[in-house]
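Understanding the architecture of this molecule
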Amino acid sequence: MKSEQKYSLETHLVQLGVGTDERTGAISPPIHLSATYRHPGVGESTGYDYTRSINPTREILEKGLAELEGGARGLAFSSGMAALTTFFLHFTQGDHMVVSEDLYGGTYRVLDQIFANFGLKVTYVDTTNTTAVAEAITKNTRALLVETPGNPLLGISDLAALGQLCRERKLLFAVDNTFLSPVLQRPCEFGADVVIYSATKYLGGHNDLCAGVLVAREEELGDQLYFLQNSTGAVLPPFDCWLLLRSLKTLTLRIDRHCLSAMLVASWLEQHPKVTDIYYPGLKSHPGHELSCKQAKGFGGMLSFRVESDELARAVLKRLRLISFAESLGGVESLMTLPAIQTHGDIPEAERLRLGICESLLRLSVGTESVEDIIADLEQALGD
Ligand SMILES: *Cc1c(COP(=O)(O)O)cnc(C)c1O
């Protein structure tokens with residue numbers, strides 16, 4: 001893009017990196033693998049010195065991510081957990097955070113088994129209940145971290161109300177937006193200070209890349225997070241930056257299809273006699289449906305459902321032909337998991353059961369294959 005004209009998000013995504021290589025005019029930006037850069041003289045610099053600190057390919061990606069999110073600074077990491085870990089390093093001993101209880105298992109693990117040793121305190125609450133969040137705030141609380149839709153039960157937290165609460169109580173408001181992407185939900189517009197992604201999921205979209213992202217709404221926090229990124233070094237390598245840039249160009253197309261298909265699959269599962277519960281924010285029966293309509297442009301491609309028995313859940317996973325029984329989500333290939341054993345296996349059993357993550361609960365990442373084929377696979381796997 002040549003001008004500073006305001007284009008739509010969709011256009012920005014497609015045009016990422018175009019026109020950044022002035023020397024050749026390359027449409028696809030080059031991958032700069034150089035670890036270090038030659039200085040013209042003492043006290044002179046091309047603007048690049050060492051690739052952990054700055055890399056031209058990563059720079060295109062990071063600037064693009066900030067722009068997509070409406071934030072001041074984007075940072076790309078080697079995984080979603082690296083992004084989350086870097087965010088947690090922003091806090092010090094004795095600080096307290098309020099965190100969604102319907103949470104990615106790895107986030108729970110790093111807080112509970114690593115950051116707890118350094119004196120970072122965490123209270124897990126049902127963030128779909130704003131009052132419960134307010135009640136969990138103590139004098140040492142510094143931040144609120146929310147995942148919405150939640151994982152794996154897809155609960156919807158009220159971003160506007162929580163943003164307001166964080167402003168009033170002077171808390172950092174962080175949102176893990178992995179399940180929806182900026183195409184569907186832009187937390188900065190609701191006052192989020194930091195938006196977090198596992199870019200391994202929808203942003204990457206092809207199950208071939210592990211990456212993470214932090215976007216800070218304000219320059220000052222962005223600079224502080226950059227200091228942590230550069231100091232601790234979990235940066236995304238140049239080749240992976242390029243791969244993520246390429247993936248982002250089709251994000252809108254992919255997300256549209258994920259949403260369309262997930263809605264059809266959820267409606268189909270809802271009327272299946274062996275499915276006892278279904279969790280998809282697009283369904284009118286979902287308690288967060290109305291709120292989701294207000295704060296997101298779509299409901300995403302993730303859904304969970306409970307079947308009659310634990311045995312049936314295991315049988316379904318065994319019988320799947322098209323859909324892969326595999327961890328992760330957000331790629332073009334449909335994947336199904338058993339959260340109690342896999343993604344949420346590190347949450348203590350009693351806590352897991354209290355949350356409703358039992359062994360008859362299956363989570364499906366609806367891919368972009370023909371939706372008829374996805375439904376046919378579910379039909380044969382559920383048996384008659
Ligand atoms: C997968 C995931 C993460 C962790 O990201 P990795 O890229 O696997 O390190 C964090 N949050 C959510 C919501 C996720 O789905």
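Below is a summary of the structure that appears in this document. (Residues numbered from 1 in each chain as written. Predicted model: local features only at pLDDT ≥ 70, side-chain atom pairs only at ≥ 80, totals over all residues. Heavy atoms only, no water.)

Concerning the packing of helix α10 (residues 251–270) against helix α14 (residues 371–382)
Axis separation between α10 and α14 bottoms out at 10 Å; the angle between their running directions is 30 degrees. When the axes of α10 and α14 are compared, the pair comes out roughly parallel. Relative to α14, α10 is oriented so that their crossing is right-handed. Only Val371, Ile374, Ile375, Leu378, Glu379 and Leu382 of α14 make contact with α10, whose side of the interface consists of Ser261, Leu264, Val265, Trp268 and Leu269. A breakdown of the residues in the contact of α10 with α14 according to their chemical character gives nine nonpolar, one polar and one charged. (Axes fitted to C-alpha atoms, helices over the stretch in contact; angles between N-to-C directions. Helix = DSSP H or I, 4+ residues; strand = E, 2+ residues; numbered from the N terminus. Parallel < 35°, antiparallel > 145°, perpendicular 65-115°, else oblique. Left-handed = near helix turned anticlockwise from the far one by under 90°. Contact = heavy atoms within 4.5 Å. Nonpolar A, V, L, I, M, F, W, Y, C, P; charged D, E, K, R; others polar.)

Brief notes about the site of the ligand
As a structural note, the neighbourhood of the ligand is formed by 13 residues, with Met81, Asp176, Ser198, Thr200 and Lys201 the closest of them. With respect to the ligand, the backbone of Gly80 contributes an N or O atom lying 2.9 Å from an oxygen atom. In the environment of the ligand, an oxygen atom lies 2.7 Å from a nitrogen or oxygen atom belonging to the side chain of Lys201. Look at the ligand: alone it shows 380 Å² of surface, and the protein chains cover 93% of it. When atom positions are compared with the pocket grids, the ligand is found to occupy the second largest pocket. No other element matches helix α3 (residues 80–88), which puts three residues into the shell around the ligand. (Near = heavy atom within 4 Å. Polar contact = N/O pair within 3.5 Å; in protein donor to acceptor, adjacent residues only side chain to side chain. Areas by Shrake-Rupley, 256 points an atom, 1.4 Å probe, with all protein chains shown as cover. 1 Å grid on protein atoms, 1.4 Å probe; cavity = no way out; pocket = protein on both sides within 12 Å on 5 of 7 lines; lining within 4 Å. Sits in = over half its atoms within 2 Å of the grid points.)

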